[in-house]
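Coordinates in review
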Amino acid sequence: MALKWSAVFTSRRQCLVKHICKQFMGTSGAAQHGDFADIVISGGGMVGAAMACALGNNSLLRDKRIVLLEAGKDTGEFILPEQFSNRTCALNPATVRLLSSFGSWQEIEGMRCFSALRMQVWESCADSIITFNNSDMSEPLAYIVENDVILAAIMKALKHVKNKVEIHYETKATAFNLPGSGDSEEAKLPYVKLTLNNGSVIKTKLLIGADGSNSAVRKAAGFQTINREYNQSGVVATLKLADGLSNTTAWQRFLPTGPIALLPISDTMSSLVWSTTREHAKNLQELSAESFVDAVNDALWHEREKNEIAGKLLGGFKNVLNNILPEDGEGVRQLPPTVIDVVDKSRASFPLALTHSSQYVRPRVALIGDAAHRIHPLAGQGVNLGFSDVSCLNEMLTKATSCGADPGALTHLLQYETERQRQNVPVMLTIDSLQRLYGTEFTPVVVARSLGLHAVHSLPFLKKMIMERASV
Ligand SMILES: Cc1cc2nc3c(=O)[nH]c(=O)nc-3n(C[C@H](O)[C@H](O)[C@H](O)COP(=O)(O)OP(=O)(O)OC[C@H]3O[C@@H](n4cnc5c(N)ncnc54)[C@H](O)[C@@H]3O)c2cc1C
């Protein structure tokens with residue numbers, strides 16, 4: 001399916017601008033009502049909880065009532081397990097800045113995280129590689145952190161925020177009444193009305209949907225989505241590595257069935273994310289531990305038949321570049337680690353798909369995180385984009401509140417949508433294109449991608465641009 005992003009942008013804008021005039025600019029005294037909250041966040045995953053923290057520390061929202069609804073149970077105080085969790089994320093510097101701003105990064109450092117100083121990406125059909133590292137190798141490219149640790153650190157910081165934030169576990173909206181939708185009198189009310197699964201009702205000036213890729217808020221808002229099923233699953237596991245050099249490199253090899261990635265989580269352990277066909281993913285989960293380890297080593301090490309034409313052209317291209325560009329010692333190919341074991345019961349798999357909501361906002365509603373955009377994990381950007389949504393929406397709400405505007409006013413929400421789509425859409429398109437580009441063994445494509453990858457690898461300014469782009 002061809003993705004018509006530009007069309008989505010334009011029609012969206014025309015349609016939303018019509019709503020601006022209908023905005024109510026504040027409901028005085030409403031915050032005193034027991035069933036009223038100034039802002040409700042639906043979904044207390046990593047992104048929703050971070051949104052609650054950011055709003056909880058926003059001095060302009062003092063005296064506001066902020067409510068976080070989470071469908072899952074309260075798991076109580078988090079005690080760091082000895083065993084690593086199989087779900088990890090590579091966090092970029094922008095995310096670290098956001099988490100530091102409300103003290104969660106310091107909590108993560110006190111628990112467990114590991115730096116990836118270098119990254120090597122290569123493919124099985126040709127000899128092209130690309131490596132990334134900050135020039136002196138002392139600044140991490142990314143931090144690899146378990147999802148449970150990230151969430152626990154955010155929840156801990158949430159206990160110490162300045163403003164009032166209430167968390168309601170095992171609670172979700174079962175009915176939504178959104179202003180601006182339909183012709184009923186209720187639909188014109190200056191608040192969103194939510195009926196919760198416990199029968200109570202809550203009204204709010206702004207509903208933030210952070211309820212994941214299957215978002216109920218997005219569906220209630222009637223936002224169209226662009227979807228692409230990759231027919232792939234991401235197999236995750238915790239791997240033990242053979243003793244060797246320091247484990248500070250993130251590895252990714254593109255195979256015809258999808259990329260396999262190893263992210264360092266300790267000196268001797270790495271977290272696996274292997275995107276592959278659904279059938280293969282199922283087989284991988286059913287293998288004995290020994291056979292699984294063999295399969296991972298084979299995927300990382302086995303020399304597959306190379307595309308001859310791509311090999312010849314790449315050889316010539318390298319000679320040309322070597323004559324005009326200085327040798328880059330940091331970019332040399334390194335050998336991946338050898339996996340010696342997989343942690344018991346650490347294997348799991350997740351279906352992979354692209355989902356993008358054509359709208360992120362409407363009057364009194366905004367989407368953040370996977371509720372707005374779900375992407376392939378090959379670039380490790382999913383939750384980072386979600387955290388950037390949090391920073392941006394918090395900034396827009398600060399602006400709105402500082403000029404006395406209603407937090408649910410569409411004018412500010414539209415600025416949030418424009419800014420985030422400007423960032424998210426190109427990232428999603430790039431990742432989707434990479435997934436397609438490496439999903440074929442068709443010779444002209446193999447040639448084009450090998451030469452392209454090698455060109456980027458050899459041109460430091462291009463690499464720097466890509467690294468800078470991935471870290472904001
Ligand atoms: C294999 C794999 C590897 C990945 N690796 C990376 C990586 O390296 N780097 C990266 O940046 N991203 C990565 N991602 C993506 C990342 O995991 C997601 O982007 C991230 O988890 C999204 O967080 P979220 O809070 O938006 O949504 P979710 O994690 O889905 O959280 C949604 C929350 O809302 C709650 N909820 C659901 N419905 C309701 C409701 N109706 N009412 C109230 N609450 C509700 C749920 O219980 C949940 O707590 C990876 C993804 C996969 C599958």
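Further up the page is the structure itself.
I will try to describe carefully the structure that is included in this document. Keep in mind the model is a prediction, meaning the values are calculated, not measured. (Residues numbered from 1 in each chain as written. Predicted model: local features only at pLDDT ≥ 70, side-chain atom pairs only at ≥ 80, totals over all residues. Heavy atoms only, no water.)

**Things to note about the sheet that holds strand E4 (residues 114-116)**
Across the sheet, which stays open at both edges, the three strands sit in the order E3-E7-E4 with antiparallel pairing between neighbours. Each edge of the sheet is formed by a strand with only one pairing partner; in this case those strands are strand E3 (88-91) and E4. The mean inter-strand angle of the sheet, taken between neighbouring strand axes irrespective of direction, is 30°. Bridge analysis of E4 against strand E7 (residues 142-146) gives three bridges, and the strand direction is antiparallel. (Pairing = 2+ DSSP bridges. Helix = DSSP H or I, 4+ residues; strand = E, 2+ residues; numbered from the N terminus. Axes fitted to C-alpha atoms, helices over the stretch in contact; angles between N-to-C directions.)

**Examining the site of the ligand**
Not every one of the 29 residues close to the ligand is listed here, only the nearest: Val47, Glu70, Ala90, Asp370 and Val383. Within the backbone of methionine 46, a nitrogen or oxygen atom sits 3.4 Å from an oxygen atom of the ligand. One of the side-chain nitrogen or oxygen atoms of arginine 87 is found 3.5 Å away from an oxygen atom of the ligand. Coverage of the ligand by the protein amounts to 81% of the 1000 Å² it exposes when considered alone. Going through the elements one at a time, helix H2 (46-56), strand E2 (65-70), E3 and helix H10 (382-402) are the ones with two or more residues in the shell around the ligand. (Near = heavy atom within 4 Å. Polar contact = N/O pair within 3.5 Å; in protein donor to acceptor, adjacent residues only side chain to side chain. Areas by Shrake-Rupley, 256 points an atom, 1.4 Å probe, with all protein chains shown as cover.)

**Some details on the environment of arginine 228**
With respect to the helices and strands, the residue arginine 228 is situated in strand E12 (residues 225-241). In this structure, the C-alpha to C-alpha distance between arginine 228 and threonine 355, residues 127 residues apart in sequence, is 6.6 Å.

**Notes on the pattern of salt bridges**
Scanning the model with the defined rule gives eleven salt bridges in all. Close ionic contact of glutamate 146 with arginine 112 constitutes a salt bridge, the shortest N to O distance being 2.9 Å. Of this pair, glutamate 146 sits in strand E7 while arginine 112 sits in the loop between helix H4 (104-111) and E4, and the two are 34 residues apart along the sequence. Since its relative accessible area comes to 4%, glutamate 146 is described here as buried. Relative accessible area serves as the criterion here: at 14%, arginine 112 is assigned to the buried category. Ionic pairing is found between glutamate 229 and arginine 278, a salt bridge with its closest N-O pair at 3.0 Å. Placement of the pair is glutamate 229 in strand E12 and arginine 278 in helix H7 (residues 278-286), with a sequence separation of 49 residues. For arginine 278, a relative accessible area of 35% gives the class partly exposed. (Salt bridge = Lys/Arg side-chain N within 4 Å of Asp/Glu carboxyl O. Buried < 20%, exposed > 50% of the residue type's maximum accessible area, 1.4 Å probe, protein only.)

**Focus on the pairing of E3**
The alternating pattern of E3 places Thr88 and Ala90 and Cys89 and Leu91 on opposite faces, both of which are buried. When E3 meets E7, the two strands line up antiparallel, connected through four bridges. Bridged to threonine 88 within E7 is glutamate 146.

**Brief notes about helix H8 (residues 289-301)**
Taking 1.5 Å of rise per residue, 13 residues should cover 18 Å, and H8 covers 18 Å from first to last C-alpha, within 8% of that figure. Every buried residue of H8 is accounted for by Phe292, Val293, Ala295, Val296, Asn297, Ala299 and Leu300. (Expected span 1.5 Å × (residues − 1).)

**With respect to helix H11 (residues 410-437)**
With 28 residues, H11 extends 38 Å from end C-alpha to end C-alpha; this agrees with the ideal 40 Å at 1.5 Å per step. The sharpest bend along H11 measures roughly 30° and falls at glutamine 421. (Bend = angle between axes of the 7 residues up to and from the residue.)

**Here we look at the packing of aromatic side chains**
Summed over the entire model, instances satisfying the criterion amount to three aromatic pairs. Each ring, one from tryptophan 122 and one from tryptophan 251, has its centre 6.1 Å from the other, and the planes form 80°; the classification is edge-to-face. Residue tryptophan 122 is found in strand E5 (residues 118-123), and its partner tryptophan 251 is found in strand E13 (residues 249-255); the two are separated by 129 residues along the sequence. The class for tryptophan 122 is buried, based on a relative accessible area of 5%. Arginine 87 extends its terminal NZ or CZ atom over the ring of phenylalanine 350, reaching a point 4.1 Å from the ring centre. Cation over ring: arginine 347 sits above phenylalanine 292, and NZ or CZ is 4.5 Å from the ring centre. (Phe/Tyr/Trp six-rings, centres within 6.5 Å; stacked < 30°, edge-to-face > 60°. Lys NZ or Arg CZ within 6 Å of the ring centre and 35° of its normal.)

**Focus: the packing of H2 against H10**
Interhelical geometry of H2 versus H10 gives an angle of 25° and a closest axis separation of 9 Å. If you check the angle between H2 and H10, you find them roughly parallel. Where H2 crosses over H10, the handedness of that crossing is right-handed. Of the residues in H10, those touching H2 at Met46, Val47, Ala50, Met51, Ala54 and Leu55 are Val383, Gly386, Phe387, Val390, Leu393, Asn394 and Leu397. Tallied by class, the residues present in the contact of H2 with H10 amount to eleven nonpolar, two polar and no charged. (Parallel < 35°, antiparallel > 145°, perpendicular 65-115°, else oblique. Left-handed = near helix turned anticlockwise from the far one by under 90°. Contact = heavy atoms within 4.5 Å. Nonpolar A, V, L, I, M, F, W, Y, C, P; charged D, E, K, R; others polar.)

**Quick word on the side chain of threonine 248**
Mapping threonine 248 onto the fold places it in the loop between E12 and E13. Residue threonine 248 is classed as buried on the basis of its relative accessible area, which comes to 19%.

**Section: the packing of H2 against helix H5 (residues 147-158)**
Orientation of H2 relative to H5, taken along the N-to-C sense of each, is 20°, at an axis distance of 9 Å. One way to sum up the angle between H2 and H5 is to call them roughly parallel. Judged by the sense of rotation from one axis to the other, the crossing of H2 with H5 is left-handed. Contacts between H2 and H5 involve Met46, Ala49, Ala50, Ala52 and Cys53 from the first element and Asn147, Ile150, Leu151, Ile154, Met155, Ala157 and Leu158 from the second. Counted by class, the contact of H2 with H5 contains eleven nonpolar, one polar and no charged residues.

**Brief notes about unusual backbone geometry**
The backbone of glutamate 170 shows a phi angle near 50°, a positive value even though the residue is not glycine. If you trace the backbone, glutamate 170 turns up in the loop between strand E8 (164-169) and strand E9 (173-177). By relative accessible area, which is 46% here, glutamate 170 ends up partly exposed. For lysine 345, which is not a glycine, the phi torsion comes out positive at approximately 60°. Here lysine 345 is to be found in the loop between strand E16 (339-342) and strand E17 (348-357).

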